[in-house]
Structures are given as structure tokens and as C-alpha cells.
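In case you want the letters, here they are:
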Amino acid sequence: MLKILVVDDDIEILNLVSIYLSNEGYEIIKATNGCEAISKINNEKPKLVILDVMLPDIDGIEVCRKIREKLNVPIIILSAKVQNSDKIKGLLTGADDYITKPFNQLEFIVRVKTLLRRTYLFDTRGNKDDLDDIVLGTLTIKKSTHTVLINNNEIILTATEFEILKLLAINKGRIFSAEEIFETVWKEKYFQSNNTVMVHISNLRDKIERKLNGEKLIHTVWGVGYKIE
């Protein structure tokens, strides 16, 4: 049974989200503040974190930053802050997804399951194409283990960042629009003014190109999309 940590100082929302997830068969761990959340992440090793932004001690963005310093556990921010700038800030800090309150129960569960599937459910059918490594110069993408290496040193990516990189690498030379990337990776309908893909591409570049001594891997084709050459 997968463990999910739910962090929210609003007990009503904390219990409601916990019920939704329990009904889907997940084991729920609860925390009502940032310090408690960090402690339970270290001790309980959850497979997913649902994280509120406005916490009484350490805000959720800082908790997300602290988690990302050590762990690659998937994180969904659940917040009443609906401004696009707040969403971008959360994603830049390392969150995989950002859901605003109030939220639809069905959409929430679908997004939880989609992120867990991207992170943990690898193809076990023995399809050679799905198990082969992708090699781009000094960068290696290991599809079977969801890891990325540069000069044999692992680069820590979130599940979402990995899926975007893999999509572009498998289709080297092809330009993908932000809409195509979003609908392929998130498996949801893209909506206008959605900056999610842009933020994840920015994170990917920061993590990878720093290790490539500034060499560009992901190229922007202005007005069209992104590609790996």
C-alpha cells in the first residue's frame, strides 16, 4: 500500500483529502505544519506529498525546497493561492503539480494517480525499446530505472521533468509545442495561458545544462515549441 503524506493546517481539508485518498486504497500520514511534515517525510518515507502552502510555521514553498534538497519524492501543492505567479513559484521550487482550492474530487484523484503512475509504474513487459538507454553525448537516460546520468553522475529530476526529457530525447529533432508536451505527459487537456510546461523546461535546463558546462540541450523554437537536436 502506497503511503501519502497530507500536509495542511486546516483540519477539515486535511481530513477531507485523507478520506478521498483512503477510499482509493492509499495509506495516509497527516501533518499540520512544516516541521512535522519534514520529520514525517524522513521517518515514514511517503511515496507522495500533498502540501499546502500557507502553514503556521514554515510555509509550504520552503518545505518543498527542503524536501528537494535531499529527496525526489513527488509533490503536489494544494493551495488557495490562485495567481499564476504563485503556481510558477511552486513549480520552480520543485513541485510536480499545483492544484488550487476549492478543487474537484475526481480531478484531484486523477492527478494524484497520474503522478504516481509517472513516478513508480515502469513498463515490466520486457519490451526492449522501453528498456534501452537513450544516449545524447555525455548524457544517458535510463528508461528502465527513471534515472539520468551526465558523465556517469546522476542528475536528480522529478518524475515530470524526467517524462518531458524522455519525450524530447526519444523524438530527437522533432519540435513539440507546449500543448503537445502537456497533453502527452500530464494526459490532460491543455488550456491557454498554462505556463506549467515552460516552468518545467526551465527547471530541466537549470539542472542539466549546469552539468554540461552551459552546453544547450533543449532548444526553444520561438512561437513553435521545444526540441532536442
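Residues numbered from 1 in each chain as written. Predicted model: local features only at pLDDT ≥ 70, side-chain atom pairs only at ≥ 80, totals over all residues. Heavy atoms only, no water.

The protein chain has the name Stage 0 sporulation protein A homolog in an unreviewed UniProt entry, where Clostridium acetobutylicum is given as its organism. Database annotation for the protein chain, UniProt heading Function (unreviewed entry): "May play the central regulatory role in sporulation. It may be an element of the effector pathway responsible for the activation of sporulation genes in response to nutritional stress. Spo0A may act in concert with spo0H (a sigma factor) to control the expression of some genes that are critical to the sporulation process." (UniProt positions renumbered as here; feature names shortened; annotations may be inferred.)

One open sheet accounts for five strands, arranged 2-1-3-4-5; its pairing is parallel. This sheet does not close on itself; its edge strands, each paired only once, are strand 2 (27-31) and strand 5 (97-100). Neighbour-to-neighbour, the strand axes of the sheet open up by a mean angle of 20°, direction not taken into account. Judged from the four bridges that link them, strand 1 (residues 3-7) and strand 3 (residues 48-52) form a sheet pairing that is parallel. Looking across to strand 3, one finds that Ile4 is bridged to Leu48. Of the strands in this sheet, strand 1, strand 3, strand 4 (75-79) and strand 5 are in contact with helix 5 (residues 105-120), which crosses strand 3 at around 135°. (Pairing = 2+ DSSP bridges. Helix = DSSP H or I, 4+ residues; strand = E, 2+ residues; numbered from the N terminus. Axes fitted to C-alpha atoms, helices over the stretch in contact; angles between N-to-C directions. Contact = heavy atoms within 4.5 Å.)

Examined against the element boundaries, Thr196 turns out to sit in helix 9 (residues 196-211). A relative accessible area of 4% places Thr196 in the buried class. Within the structure, the side chain of Thr196 is placed 3.2 Å from the side chain of Lys87, a separation counted as a polar contact. Apart from the residues within four sequence positions on either side, Thr196 is in contact with Lys87, Leu91, Phe182 and Trp186. (Buried < 20%, exposed > 50% of the residue type's maximum accessible area, 1.4 Å probe, protein only. Polar contact = N/O pair within 3.5 Å; in protein donor to acceptor, adjacent residues only side chain to side chain.)

All right, on to helix 9 then. Look at helix 9: 23 Å from first C-alpha to last across 16 residues, which is about the 22 Å you get at 1.5 Å a residue. By the burial criterion, the buried members of helix 9 are Thr196, Val197, Val199, His200, Ile201, Asn203, Leu204, Arg205, Ile208 and Glu209. Positive backbone phi, approximately 55°, marks Asn213, located one or two places after helix 9. (Expected span 1.5 Å × (residues − 1).)

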